[in-house]
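Structure assessment
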Amino acid sequence: MNGVTLTYAALVAAIVCEVIGTSFLQQSQQFTRWVPTLLMAVFYGAAFYLLSITLRTIPVGVAYAIWSGLGIVLISAVDYVFFRQTLDLAALIGLGLIIAGVLVVNLFSKTVGH
């Protein structure tokens, strides 16, 4: 794997860890359940560490935009599948716009190293 591929792999791993951490945050019930709280802290720590690795190559604004945008979309999918939370049409359109924004940044921005 080359450097760019490893950077994006770290970014994807950071996003996945953040989504898992957020899922455990939901289950921690305001930090009253210690196992989900501990797992949340571990996954958030891993997410930030992996995000820091990406910042060697990708500017912080771009990395954070990708991380937060895809994190929002993925946590919405996790909420739908595991927590049975539904999304209305406006939410689905908004999520589609977030995905479009991430694609525009990655495909057309000269700020992102390809």
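**Description of unusual backbone geometry**
For Gln29, which is not a glycine, the phi torsion comes out positive at approximately 50 degrees. Within the element layout of this structure, Gln29 appears in the loop between helix H1 (3–27) and helix H2 (34–54). On the basis of relative accessible area, Gln29 is assigned to the partly exposed category, the value being 43%.

**Digging into the side chain of Ser76**
By the element assignment, Ser76 lies in helix H3 (residues 60–82). Exposure remark for Ser76: the relative accessible area of 13% places this residue in the buried category. Side-chain polar atoms of Ser76 contact the backbone oxygen of Ile72, separated by 2.8 Å.

**Notes on the environment of Ile20**
Structurally, Ile20 is set in helix H1. Owing to a relative accessible area of 28%, Ile20 belongs among the partly exposed residues under this scheme. Considering only alpha carbons, one finds Ile20 and Val42, 22 residues apart in sequence, at a separation of 9.9 Å.

**Some remarks on the packing of aromatic side chains**
Enumeration according to the criterion identifies three aromatic pairs in this entry. Ring geometry for Phe48 versus Trp67: centroids 5.3 Å apart, planes at 70 degrees, classification edge-to-face. On the criterion of sequence distance, the pair formed by Phe48 in helix H2 and Trp67 in helix H3 is long-range, its members being 19 residues apart.

Rules of the game
- Residues numbered from 1 in each chain as written.
- Predicted model: local features only at pLDDT ≥ 70, side-chain atom pairs only at ≥ 80, totals over all residues.
- Heavy atoms only, no water.
- Helix = DSSP H or I, 4+ residues; strand = E, 2+ residues; numbered from the N terminus.
- Buried < 20%, exposed > 50% of the residue type's maximum accessible area, 1.4 Å probe, protein only.
- Polar contact = N/O pair within 3.5 Å; in protein donor to acceptor, adjacent residues only side chain to side chain.
- Phe/Tyr/Trp six-rings, centres within 6.5 Å; stacked < 30°, edge-to-face > 60°.

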